Amino acid sequence: MTDRGPVPKTGPPKLATRLLGLLLTEEDREPVAEELEELYGIQCARKGAEAARWWYRRQVAVFAWHLLRHGRRRRGVAAAGGVGLNPTGSGGKRGGVWEMTTFLSELRQSFRRLRRAPAFTMVSVLTLGIGIGAFTSIFGLVESVLLEPMPYDEPEELVWVWRDYTWASFPRGWLGGPDIVNLRDQSDVFEGVVGFRSGTLNLTGPELTEPRQIRVLWASHEFFPLLGVGPVLGRGLLAEEDSPDAGQSVVLGYDFWRGQFGGDPEVLGRTILLDGESSTVVGVAPASFHFVKHGSGADPAPADIYVNLRVDLGQQSAGDGSYAGLARLRPDVHPEQLAAALAAAAKPLDDLMGNRGLRLWSVGLKDDLTEGIRPALVALIGSAAFLLLILSANLATLLLSRAAVREHELGIRIALGAGKGRVFTSVLTESLIVGSMGGALGVLLAVLGTDLVVALAPENLPRLAEVGLDLSVLAMAALVTVAMSVAAGLTPALFARRASLVGTLKEGGARSGGSLRGARMRSTLVAAQVALSMMLLVGGGLTAQAFASLLRADPGFDPGQTLTFRVPLTRAAYPESDAALAFHGALRARLSALPGVTVAGATNVIPLTQTTNQTGIGFPDAPGNTGDENVDWPLIDWFRVTPDYFRAAGFRIKAGRAFRPADADTTSFSLIIDDVLAERFFPDGSAVGSLATFRGGTATIVGVVDQARHYDVHSDHRGQAYIPYERFPTWDMAYAVRSELEPASLVSAARGAIKALDSSVPMSDVQSLDVIVTDSLGQQRLSLTLIVGFALGSLLLAMLGIYGVVANSVVRRTQEIGVRIALGAGTERVLGMVLGQGLLLTVVGVAVGLGGALATSRILEGVMFGLQARNPFVYLVVAAGLVAVAAVAAYMPARRATRIDPVEALRPE
Amino acid sequence: MSKEVLGELEHHVLLAVLRCGSDTYSVPLVLELEERIGREVAPAAVYIALRRLEEKGFAQSELRRPVEDRGARSRRYFRVTREGLAQARESKRRFERMWEGLDPVLEEGT
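Everything numeric in this text was worked out from a predicted model, so none of it was measured. (Residues numbered from 1 in each chain as written. Chains lettered and ligands numbered in written order. Predicted model: local features only at pLDDT ≥ 70, side-chain atom pairs only at ≥ 80, totals over all residues. Heavy atoms only, no water.)

Visitor: Which residues make up the overall build of chain A, and what are the values?
Guide: Looking only at helices and strands, chain A features 27 helices and 22 strands. Considering only contacts within chain A whose residues lie at least 6 apart along the sequence, 80% involve residues at least 24 apart. In the structure as shown, chain A presents an accessible area of about 39000 Å², 59% of it carried by carbon and sulfur atoms. (Helix = DSSP H or I, 4+ residues; strand = E, 2+ residues; numbered from the N terminus. Contact = heavy atoms within 4.5 Å. Areas by Shrake-Rupley, 256 points an atom, 1.4 Å probe, with all protein chains shown as cover.)

Here's what the structure looks like:
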C-alpha cells in the first residue's frame, strides 16, 4: 500500500491530446501522438506530473502555432503554391479546382490585409477570444451540470424517494428501513429500491504513517445493479452480505484504488482496517462511476469506498429516517401509478405515526439536481450569450469601418469587373479569419477559464468534478465562432458588395474616413451595441443589487477568527462512552491552553456544514400553544454542545445564559432553544425557566440564542434546541477554536494536541468558520462575479465602439470642420458638435436598450432569488454611466477636431 | 539540390539524425539535441525541421511499428539521404573554411 497522496494523473492532458489530433493530418496523428506521449513520460519522470502536463500543453500550442503559420501540409505533396493575385476573378478555368484556388488566394490576401492592420486584428482577435473563452467556459459548466447524462445506466428511470413530514414542513426527510421494504413490495412499479447512507471511517494500518479518514457509502447489495454499474475488478456486494451478522465487505472506488493501492489488481481479498474492524476488499468500481449528490447538496456524499449495509431494514424503527432512497422505475410507469405506489408504501408508516400526514414523494435524478442551480446557470449563459452578441456587433462595426476605408479600392475592383460575389466573399473571409483566430484563442482561454470557474465555484455545486471541456463543448465553441463571424461579416460584406466607384469618387475619396453610407451603418451598429450593453448592464446591476442583499444576510453567529475541524473517534478504539467523553474533555483543555486561543468548544455539527438530527419537542405550559398537537409538537433540529461552544462559534445569547460545566450533571436537564422557538411559544419572553418535553425527558430552558443558520444562509428553517453533549454523548465531535491568530496558523498546533492524546485519531474537515459562511454564498458570488464581469466588458466595448465612430467621423469631416473653423466656429462649437454626435448615438441606444432591459429584467426576476426588476436606481445609474462613458469616448476625437488647421484641411489632395 | 539552405535547427536536427544512427525517431532525437545543445527543445519544432529536411530531400521517413514492441503504435523513423549526407559534408567544409584562422581572435576575447 502506498502512502496517501494525490491520485497520480496517468496520461497527458486529454483536451490537449484531442486538440493535437485535430491539428494533425491523419498520417501524422498516430506517430506524433505516440512519440509525444513518450516524451511526456520522460518529462513526468524529470519534473513531476503537473509540470509535464503543462509542458505537453505547450508543445501542442507550438504545433498549433506552426501549423497556423505554415499550414498543414500533406507529406510528399508540394505546398499549394503558384496561386497568384487575381483581382478580378474573371477568366480562367471553372470548376472545383478553380473555386478552391480562388478561395485560397482570397484567404491569402485577407491574411495579408490583416497583417497590415495589426491593431485592428489584435483588438478584434483579443476581444473575440475573451468573449468566446468566457462563453465556452460557462457552456462547459452548464453542459456538465445540466445537460450531460448522469454516469449511471438508464438514469432517466432513477428517482430519489423522500419522506415529507407535511405537518412539520420538512419535505426532504430520509427514509426509514421499513419504508424501503414497503417500497420494494410495490414491485410492479419499482424494479428495485436501494437504501444507503454516507459517512466516514478511519483507515489505519501499519503501512500508513497517519490514520486517514475516508468517505464511505454504506449500501445494500442492490446498489450497483440498480445504478447499472458493474465492477471493473472482482465483484459487487452480495445479498448475504446485507445480513447484520455478515463481515464487512468493501468495494473500492476507482480513484481510491489507484491512489491508495497504486491500482494493484492483487488487492482483491486483502484485509484493511476500517475503524479498527477487519474488512475484506471484494471489488473495484469502474473509473467512469462516481456517485452524484442529490440537489440539496447534503449527504449522501460521493465516497472513496462502498461498504455493505449490514442492517435488517424491516426490523428498524419506523420513526427514524436513516437512509437516502433511490429507486429504479419499471419502463412505462405512469405518474399516477407511481403516485399510487408511493401512497401505498407510506400508508403503514403514517398510520404508525398517528396519521399526521407523512407522505413519500419522488423526484427524477436530473430534475432534482438542476432544480436549484438552473436559474443561476441560465442567467449566466444568457449574459455570456449577450456578450457574444455585443462582440458580434462590435466586430461588425470594426469590419464595416475597414470596408468603408477600402470602399474606393472595392469600387475599382467592381468597376474592373470583379464579381460582386467575389467582393462579398473577400469581406466575409476577413471576418471568418478574425473569427477563427478569436475562436482558437477563446478555446485556449477557456482551458484556463474552466479551471477558474471550477476554482471560484462553491464545492456544493453539483457535479463540479465533472466540469471540463469535452468534444461537445469544443463543437459548441466552433459553432459559436462560425455563427459570430458570419453574423458580424454579413453587414459589412453586403455593404462592400454595393461599393461603387462613382459614389466614392463623388465624395472625393472622403479622405481616409470612408463614405457617408458606411458611417451611417456604423452609427446604427454602435447604437445597437449601446442598447445591448444597456440591457446587459441593467441585468448585471440588478443581479449585483440582489446579491448585495444576500451577502448582508446574517448567518446568526459571528464567525470571527475561528478554526473548525472534526475529530472522529471510533467505537472500536473507544467502546465506552466515558472514554470518548474523557478524550474530548482532555482535548478541549489542551486546545484552550494553546497560545493565542481565546476559547475552544465542540458540538456534533458545525453550522452550514452537515445535517444534524431532528426530533419533536413540546412546551407543555407555553403561552404560545394552540391546542393543535401537530402545531404544538414541532420537529426541530437539535445539537449537542460543550459549555464554551456558543462563545467559540460566536453565537449570540438573547436571554438567560449559556451552558455551565454544572449542566453536564445528568440529574437535571438543561436546554437552550433558539429565538424562533422562543418567539413562537413564549411571545411574552417567559422562555427562560420554562419546561420542555424533549426526547422522553423534561428539561428546563436556561437560555435563548439567536438562530444560527444551519442549512442555508438565507432561509429560516426549523427551530433549534441545544443540550449539553454529555447527555447524549457522541464520538464524532466538531470543534470550534476561536483565537486572536489567523485560524490557519493554529492547524498544526491543534493537530499536535490531538496526536498527543492518541496518534491514531485523525483530524478532518479543517476549515475556518468564516470560510464556511463565505462558501455557503459561493454559488451566488460566482454568478455575480461573472455577470458583472460581462457587463463591464460590454461597457468597455461600447466605449470603444463610440470612440471608433466619432473618431472616424472626425476624419471624414475634416474638410467640413476646417471650413467651419475658417468661417469662425469657436472651439466650444466644434467640441459640442462632435460630442453631440457621440451622445446622440448613446441616447438612442440607451432609449432602445431601456425597453429591452425592462423585458430581460422581468425574466431575471423570475430566475434570481431576491431580484427586483423595477429598480429605478439601477436603470438610472446604468443610463448615466453609459452617457458618461460615451462622453469620455467622444471627447478625445472631439478635442482633435478643435485642433484641425483649416489651411491644412482645405489643401487639395 | 545543394543550393537549398539549411536553417540552424534543421542543421542541428540533420546532425542529430546522423548521430543517432541512420534509423531513428523523434524521441531519441529530441533527447540527443537537448543533451548536445544544453537546453530544452520543443518536439514540435523538431518535427517541423524533420518535415522540411524531408521536403528538401535530405531525409527520408518511414512509418512502422517498433520491432521490440509489437503492441505499440506506429512511429515515424528517419534516415539521412545521400543528398543529406552531401549537404552535411558540404556545410562542415563551409564552416571549417569560415573558422580557419579565427582561433586567435576567439582567444583574445577570453
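Visitor: Now, about the pattern of salt bridges: what can you tell me, with residues and values included?
Guide: Under the defined criterion, the tally for this structure stands at 31 salt bridges over all chains. Across the pair Arg310 of chain A and Glu277 of chain A runs a salt bridge whose closest N-O atoms are separated by 3.0 Å. Taken as a pair, Arg310 of chain A in the loop between strand S9 (305–308) and strand S10 (324–329) and Glu277 of chain A in strand S8 (residues 277–284) lie far apart in primary sequence, 33 residues in all. Judged by relative accessible area, which is 31%, Glu277 of chain A ranks as partly exposed. Across the pair Arg93 of chain B and Glu90 of chain B runs a salt bridge, and its minimum N-O distance is 3.9 Å. A residue pair is termed a helical-turn pair when its members lie 3 or 4 positions apart in one helix, as Arg93 of chain B and Glu90 of chain B do in helix H4 (residues 82–99) at three residues. (Salt bridge = Lys/Arg side-chain N within 4 Å of Asp/Glu carboxyl O. Buried < 20%, exposed > 50% of the residue type's maximum accessible area, 1.4 Å probe, protein only.)

Visitor: Describe helix H8 (residues 254–261) of chain A, and please don't skip the residues or the numbers.
Guide: Listed as buried for H8 of chain A are Phe256, Trp257, Gly259, Gln260 and Phe261 of chain A. At the exit of H8 of chain A stands Gly262 of chain A, carrying a positive phi of roughly 60°.

Visitor: Residues and numbers for empty space enclosed by the protein, please.
Guide: Applying the stated rule across the entire model yields four cavities of 30 Å³ or more. In this structure, the second largest cavity spans a volume of roughly 60 Å³. The class makeup of the residues in the lining of the second largest cavity is five nonpolar, one polar and three charged. (1 Å grid on protein atoms, 1.4 Å probe; cavity = no way out; pocket = protein on both sides within 12 Å on 5 of 7 lines; lining within 4 Å. Points joined across faces, edges and corners; volume = space filled by probe spheres on them. Nonpolar A, V, L, I, M, F, W, Y, C, P; charged D, E, K, R; others polar.)

Visitor: Could you give me a rundown of the confidence of the model for chain A, with the residues and numbers involved?
Guide: Residues and elements named next belong to chain A. In this model, chain A carries a mean pLDDT of 81, and residues with pLDDT of at least 70 account for 89%. Every residue in residues 1–9 scores below 50 in pLDDT, and together they form 21 contacts with partners more than four places removed in sequence or on other chains. Here residues 74–100 is a poorly scored stretch, pLDDT under 50, and it has 27 contacts once near neighbours within four places are set aside; other chains count. (pLDDT = per-residue confidence, 0-100.)

Visitor: Which residues make up the packing of aromatic side chains, and what values do they have?
Guide: Aromatic rings considered in pairs are described by the distance between their centres and by the relative angle of their planes. Residues and elements named next belong to chain A. Per the counting criterion, the structure on display carries 31 aromatic pairs over all chains. With a centroid separation of 6.1 Å and an interplanar angle of 40°, the aromatic rings of Trp160 and Phe196 are classed as tilted. Of this pair, Trp160 sits in strand S1 (residues 158–165) while Phe196 sits in strand S3 (residues 190–204); the two residues are 36 residues apart in sequence, bridging distant segments of the chain. Taking the relative accessible area as the measure of exposure, Trp160 reaches 2% and is therefore buried. Among the residues examined, Phe196 registers a relative accessible area of 0% and is labelled buried. A cation sits over an aromatic face here: Arg571 above Trp731, 3.7 Å from the ring centre. (Phe/Tyr/Trp six-rings, centres within 6.5 Å; stacked < 30°, edge-to-face > 60°. Lys NZ or Arg CZ within 6 Å of the ring centre and 35° of its normal.)

Visitor: Give a description of unusual backbone geometry that names residues and reports values.
Guide: Residues and elements named next belong to chain A. Unusually for a residue other than glycine, Glu154 sits at a positive phi of about 40°. Within the secondary structure, Glu154 sits in the loop between helix H5 (118–147) and S1. Residue Asp765 is not a glycine yet carries a positive backbone phi of 50°. Judged by its relative accessible area of 45%, Asp765 falls in the partly exposed class.

Visitor: Explain the side chain of Arg640 of chain A to me, using residue names and the numbers behind them.
Guide: Summarising the element assignment, Arg640 of chain A is placed in strand S15 (residues 635–641). One buried charged side chain, Arg640 of chain A, makes no salt bridge at all; its nearest oppositely charged neighbour is Asp732 of chain A, positioned 9.9 Å away. (Lys, Arg positive; Asp, Glu negative; His and termini not counted.)

Visitor: Go over the interface of chain B and chain A, please, and point to the residues and values.
Guide: Listed per partner, the contact involves 25 residues of chain B and 25 residues of chain A. Buried area between chain B and chain A, both sides added, is near 2200 Å², and the carbon and sulfur share of it is 48%. When the buried surface of chain B facing chain A is broken down by residue, Tyr47, Arg51 and Arg73 of chain B rank first, second and third, together holding 26% of it. Our enumeration of links across chain B and chain A arrives at four salt bridges. For the salt bridge of Glu40 of chain B with Lys47 of chain A, the shortest nitrogen-to-oxygen distance reads 2.7 Å. (Buried area = accessible area lost by both parts, 1.4 Å probe.)

Visitor: I'd like a rundown of the nonpolar core, residues and numbers included.
Guide: Residue and element names in this part refer to chain A. Formed by 93 residues in total, the largest nonpolar core has its most connected members in Ile138, Leu377, Phe790 and Leu882. Sort the elements by how many residues they give to this core and helix H11 (residues 374–405) lands first, with 16 residues. In this structure, Phe790 is in contact with Ala134, Ile138, Leu380, Ser383, Ala384, Leu387 and Leu536, ignoring residues within four places of it in sequence. With 37 residues, the next largest nonpolar core counts Val159, Ile180, Val189 and Val267 among its residues. (Core = buried A, V, L, I, M, F, W, Y, C linked by side-chain atoms within 4.5 Å.)

Visitor: Break down helix H2 (residues 26–47) of chain A for me, citing the residues and quoting the values.
Guide: All names here are of chain A. Helix length check: H2 (22 residues) gives 31 Å between terminal C-alpha atoms against 32 Å at 1.5 Å per residue, within 8%. Burial in H2 covers these residues: Asp28, Pro31, Val32, Ala33, Glu34, Glu35, Leu36, Leu39, Tyr40 and Gln43. Of the residues trailing H2, Gly48 is marked for its positive phi of about 95°. (Expected span 1.5 Å × (residues − 1).)

Visitor: Talk me through the packing of H2 of chain A against helix H2 (residues 26–37) of chain B; I want residue IDs and the actual numbers.
Guide: One can describe the packing of H2 of chain A onto H2 of chain B by two numbers: an axis separation of 9 Å at closest approach and a directional angle of 45°. Classed by the angle they form, the pair H2 of chain A and H2 of chain B counts as oblique. When H2 of chain A is examined against H2 of chain B, the residues Glu35, Glu38, Leu39, Ile42 and Arg46 of chain A are found in contact with a partner set consisting of Ser26, Val27, Val30, Leu31 and Glu34 of chain B. Class assignment of the residues belonging to the contact of H2 of chain A with H2 of chain B gives a composition of five nonpolar, one polar and four charged. (Axes fitted to C-alpha atoms, helices over the stretch in contact; angles between N-to-C directions. Parallel < 35°, antiparallel > 145°, perpendicular 65-115°, else oblique.)

Visitor: Before we move on, can you summarise the environment of Tyr645 of chain A with the specific residues and values?
Guide: All names here are of chain A. In this fold, Tyr645 is placed in helix H19 (residues 645–649). Taking the C-alpha atoms as reference points, Tyr645 and Ala736, separated by 91 residues in sequence, lie 6.9 Å from one another. The contacts of Tyr645, once residues within four sequence positions are left out, are Gly601, Ala602, Thr603, Val605, Ile606, Pro607, Phe651 and Ala736.

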